[in-house]
Structures are given as structure tokens and as C-alpha cells.
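# Coordinates in review
Each chain, written out:
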Amino acid sequence: MEIETLRKNARLIKENGLDSRVLSISQEALKEGEKRVRNISPASIIFPCDNLLNHLLGLYSGHVERLKILDLGCGDGDFFAPILAESLSYLGANVDGIDIEPRDKDRFGFNYINFDLLHLPNSECWGYHEIIIAKNILACGLKFDEGLFSIVRPFWGALQEWESYKGIVNKIRLNNKKESLYVLEAPSDDIFKTESNSSQETLKKKNLEISSVTKEILLRDIKHTKGETLLEIPGTNKYLFSL
């Protein structure tokens, strides 16, 4: 879909809200997606993604058939459920989902790729994707040996996660070469965790300040790459960008 059409649809969503037909399509897809992930593993954790799918479908007028979509940190099917990848696949999208755990591909309704996001190759691996989803990675997807960072967290550890996240997105963007729609997340307070209970109120205030600043950094970085903010997903720290 052309960027002008996406801009127009984003404007309509901001002015009039989401179309009831789109919401109905989204509900049906999520219901089917949940069925699929429960068949894979009944106990896997499902991250709520209703708002995200609603707005994503809203931008595309409810039609994602044959769109090439890359879902980074999609969920391995055992611990975290790949609910969004399965829902989009149900709607006819060609979904490539990347996660760190090795799994049998035949379990999924999409193309599951076992890969460590922190060690993505520089070359083009999976071809061009029209939509790149990078959600919930900051919360649970970046695994590394923190060492000293475990001591100085919530500040430097969170900063390392944030820089790693931006590095992943930039590498995908450079490999993708063409303009695409990106679902990106700004840091939430959850990633600025600490084991210490001695100064929780002070840390909470600091976390809010850091979260606000890093959100602005995300938006600034998008503008720096000549990207465009299309929509902010209400009630989340997720944004839809054209990059």
C-alpha cells in the first residue's frame, strides 16, 4: 500500500476512530490466533495485542492479505505465545517470525525462524518486508550477560537494552532497503527495574523521567532517519512509523 494511502488512513483514524468493520476483522483474527497458540501450548503467556492489531489493520483498511511481515521476537510458542504472528497469518499475511528458541516449524501457522536478534547478519536474509514488528523486545527479548550492568541497573542496564534495540531496528531497516511500516516501542518503566527496595519512590520518579526522555529520543531518531510517525497506539508505548 502506498504511503499516501497509509497517511490518509492514519488521519481518518485520528479524526473518526477505528472503523467497526476493521474491529470485527481484528476480533475474529485474535480469536483464531488464540485458538492456534493454545493448540501449540495451552500454558503459554499471551501478551495483549488487541489495540496494536486494531490500528495496524486500520492503516491497511482491514486487508493484509499477501503482505510480507517480519515479527521480531514473535514468541516461541512454549513460554510466550506468538499471538500476533498467528492472527496476521490467519488473515492471509506472509509472516516471518523470529525468536531465539529452536522450535519445530510445523507447529506454527507462519514461518518460524530460530535466530538471536542480537546477532543478526548484515546481509539480507529474508528479503523485503512491508511491515516490521518490533514489540515487547525491550520487556523480554534481549538476553545478554549483564555483568556490571546488573549492579548499576536501572540506569546503565536499561540503556544497554535500549541501544541494542535501536541497533536491531537499524540493521533490519538497512537490510530492508525500501520504505516500510515499523511497529516500534518506546521504553516503558518496566525495563528500568531494580532489586533494591530501599529507595523505590526516588527510583520511581527517576524512572518516569528516563522513560519520558527515551520516548523523545525514539521520536527524534525516527525524524533523523527521515521517518514519519503515523500513529501512536493508545494505552501502550507502541508507535507505527513509516521508515
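The structure this text deals with has already been given above.
Quick look at the structure, then. Because the structure is a prediction, the values reported are computed rather than measured.

## Overview of the pattern of salt bridges
The tally for this structure, following the rule as stated, stands at 10 salt bridges. Two residues, R103 and D78, come together in a salt bridge whose shortest N-O distance is 3.1 Å. Residue R103 is located in the loop between β2 (94-99) and β3 (111-114), and its partner D78 is located in the loop between β1 (68-72) and α4 (83-90); the two are separated by 25 residues in the primary sequence. Classification of D78 as partly exposed rests on a relative accessible area of 33%. A network of salt bridges, in which partner residues are shared, links E32, K35, R36 and E86.

## Looking at the packing of aromatic side chains
Applying the stated criterion across every chain yields a total of 6 aromatic pairs. On the numbers, 4.7 Å between centres and 10 degrees between planes, the contact of F108 with Y112 is stacked. Looking at F108, the relative accessible area reads 9%, which means it is buried. Over the ring of Y128 we find K178; its NZ or CZ atom is 5.1 Å from the centre of that ring.

What counts and what doesn't
- Residues numbered from 1 in each chain as written.
- Predicted model: local features only at pLDDT ≥ 70, side-chain atom pairs only at ≥ 80, totals over all residues.
- Heavy atoms only, no water.
- Salt bridge = Lys/Arg side-chain N within 4 Å of Asp/Glu carboxyl O.
- Helix = DSSP H or I, 4+ residues; strand = E, 2+ residues; numbered from the N terminus.
- Buried < 20%, exposed > 50% of the residue type's maximum accessible area, 1.4 Å probe, protein only.
- Phe/Tyr/Trp six-rings, centres within 6.5 Å; stacked < 30°, edge-to-face > 60°.
- Lys NZ or Arg CZ within 6 Å of the ring centre and 35° of its normal.

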